[in-house]
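Chain by chain, the residues run as shown.
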Amino acid sequence: MTERIAFLKTLYDPLPLNEAVNLIAARAASGAAFAYVATPNAQAVVRKNGGKAPEADAAFDDAWLSTNDSRVLTLIARPLFGLD
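How each quantity is defined
Residues numbered from 1 in each chain as written. Predicted model: local features only at pLDDT ≥ 70, side-chain atom pairs only at ≥ 80, totals over all residues. Heavy atoms only, no water. Helix = DSSP H or I, 4+ residues; strand = E, 2+ residues; numbered from the N terminus. Buried < 20%, exposed > 50% of the residue type's maximum accessible area, 1.4 Å probe, protein only. Contact = heavy atoms within 4.5 Å. Areas by Shrake-Rupley, 256 points an atom, 1.4 Å probe, with all protein chains shown as cover. Lys, Arg positive; Asp, Glu negative; His and termini not counted. Charge placed at Lys NZ, Arg CZ, Asp CG, Glu CD. Phe/Tyr/Trp six-rings, centres within 6.5 Å; stacked < 30°, edge-to-face > 60°. Lys NZ or Arg CZ within 6 Å of the ring centre and 35° of its normal.

Per the secondary structure count, the chain includes four helices and four strands. In terms of overall dimensions, the chain has C-alpha extents of about 40 × 30 × 20 Å along its principal axes. Out of the 84 residues in the chain, the part that is buried amounts to 24%. Sequence separation of 24 or more characterises 68% of the internal contacts of the chain that already satisfy a separation of 6 or more. Accessible area for the chain stands at about 5600 Å²; split by element, carbon and sulfur atoms hold 60% of it. Averaging the coordinates of the 8 positive side-chain charges in the chain and doing the same for the 9 negative ones gives two points 6 Å apart.

Here it is, written out as structure tokens:
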């Protein structure tokens, strides 16, 4: 996997969709121990930046894979922060 990046205090694995799907499928086929995928959306990022739910923050940060599923975050990531 690639190195995680922090965007608005939230960690993400910067992978294209097909790579994320392949990683998940390979892990499932390998018989590896349970792991989970997090998909922090804009609401989770706002909550995290406001310190509203630290227990949820840890769940996002500790995920085996963390991907963006937010159109709002996608819209601001590239033009404002230069991120894909």
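Our next topic: the packing of aromatic side chains. Per the counting criterion, the structure on display carries two aromatic pairs. The ring of tryptophan 64 carries arginine 27 above its face, with NZ or CZ at 5.0 Å from the centroid.

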